[in-house]
Amino acid sequence: MANTKSAKKANRVIGRRTAVNKSRRSRVRSTWRGVEEALAAGDAKAAAAALKQAESETMRAVTKGVLHKNTASRKVSRLAKRIGALSASK
């Protein structure tokens, strides 16, 4: 339990930041899911459009400190690779 005034304030700030980060992480995962659904449907154009939005949201999360840069890059790269494979197979 926080004893000092500054520790109590820090706890309040942590709570607010956690809520914001949770929301951002949820938005990123939703965009990733949109790409996954387009890939499952076999729609390369929709998947490419969804990837563009997902990449933007993912990199924004990196700048906000929600995700690590390498994690985000790896995820975007793997999604792009799958879209490329889908496009090539058609």
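For the structure itself, consult the block above.
What you see is a predicted model, and the numbers here were worked out from it, not measured in a lab.

**Some words on the overall build of the chain**
Looking only at helices and strands, one finds three helices and zero strands in the chain. The secondary structure elements of the chain, listed N-terminal to C-terminal, are α-α-α. For 90 residues, the compact-globule formula gives about 12 Å, and the C-alpha radius of gyration of the chain, at 18 Å, lies well above that figure. Projected onto the principal axes, the alpha-carbon positions of the chain cover approximately 65 × 20 × 15 Å. When each of the 90 residues of the chain is scored for burial, the buried share is 28%. Here the contacts in the chain between residues at least 6 apart in sequence split such that 58% fall between residues at least 24 apart. Counting 23 positive and 5 negative side-chain charges, the chain places the centres of these two groups 15 Å from one another.

**Brief notes about a positive patch on the surface**
Taken together, the side chains of Lys-5, Lys-9, Arg-12 and Arg-16 present a region of like positive charge at the surface. Looking at the secondary structure, you find Arg-16 in helix α1 (residues 5-41).

**Some remarks on the nonpolar core**
Judged by nonpolar contacts, the single largest core of 19 residues is most densely connected at Trp-32, Val-35, Leu-39, Leu-51, Leu-67 and Ile-83. Where this core is concerned, the elements lending two or more residues are α1, α2 (44-63) and α3 (69-89). The leading source of residues in this core is α2, at seven residues. If we skip the residues at most four places from it in the chain, Leu-39 touches Ala-47, Arg-82, Ile-83 and Leu-86.

**Description of the environment of Thr-18**
Relative to the elements of secondary structure, Thr-18 occurs in helix α1. Considering only alpha carbons, one finds Thr-18 and Ala-47, 29 residues apart in sequence, at a separation of 31 Å.

**Comments concerning α2**
In this model, α2 (20 residues) spans 28 Å end to end at C-alpha, consistent with the 28 Å of a helix rising 1.5 Å per residue. Along α2, the residues classified as buried are Ala-44, Ala-47, Ala-50, Leu-51, Ala-54, Glu-57, Thr-58, Ala-61 and Val-62. End-on view of α2: buried residues confined to an arc of 145°, all on one side of the axis. Residues of α2 that are exposed and point more than 90 degrees away from the buried face comprise Lys-45, Lys-52, Gln-53 and Thr-63. Its buried side turned inward, α2 meets α1 and α3. Two residues or fewer after α2 comes Gly-65, characterised by a positive phi angle close to 85°.

**Focus on the side chain of Thr-31**
Structurally, Thr-31 can be placed in helix α1. A polar contact of 2.6 Å, which involves the side chain of Thr-31, links it to the backbone oxygen of Val-28. Excluding anything up to four places from it in sequence, Thr-31 contacts Gln-53, Ala-54 and Glu-57.

Parameters at a glance
Residues numbered from 1 in each chain as written. Predicted model: local features only at pLDDT ≥ 70, side-chain atom pairs only at ≥ 80, totals over all residues. Heavy atoms only, no water. Helix = DSSP H or I, 4+ residues; strand = E, 2+ residues; numbered from the N terminus. Rg over C-alpha atoms; globule rule 2.2 N^0.38 Å. Buried < 20%, exposed > 50% of the residue type's maximum accessible area, 1.4 Å probe, protein only. Contact = heavy atoms within 4.5 Å. Lys, Arg positive; Asp, Glu negative; His and termini not counted. Charge placed at Lys NZ, Arg CZ, Asp CG, Glu CD. Patch = residues over 30% accessible without salt bridge, like charges linked within 9 Å, V, L, I, M, F, W, Y side chains within 5 Å. Areas by Shrake-Rupley, 256 points an atom, 1.4 Å probe, with all protein chains shown as cover. Salt bridge = Lys/Arg side-chain N within 4 Å of Asp/Glu carboxyl O. Core = buried A, V, L, I, M, F, W, Y, C linked by side-chain atoms within 4.5 Å. Expected span 1.5 Å × (residues − 1). Arc of directions from axis to C-beta. Polar contact = N/O pair within 3.5 Å; in protein donor to acceptor, adjacent residues only side chain to side chain.

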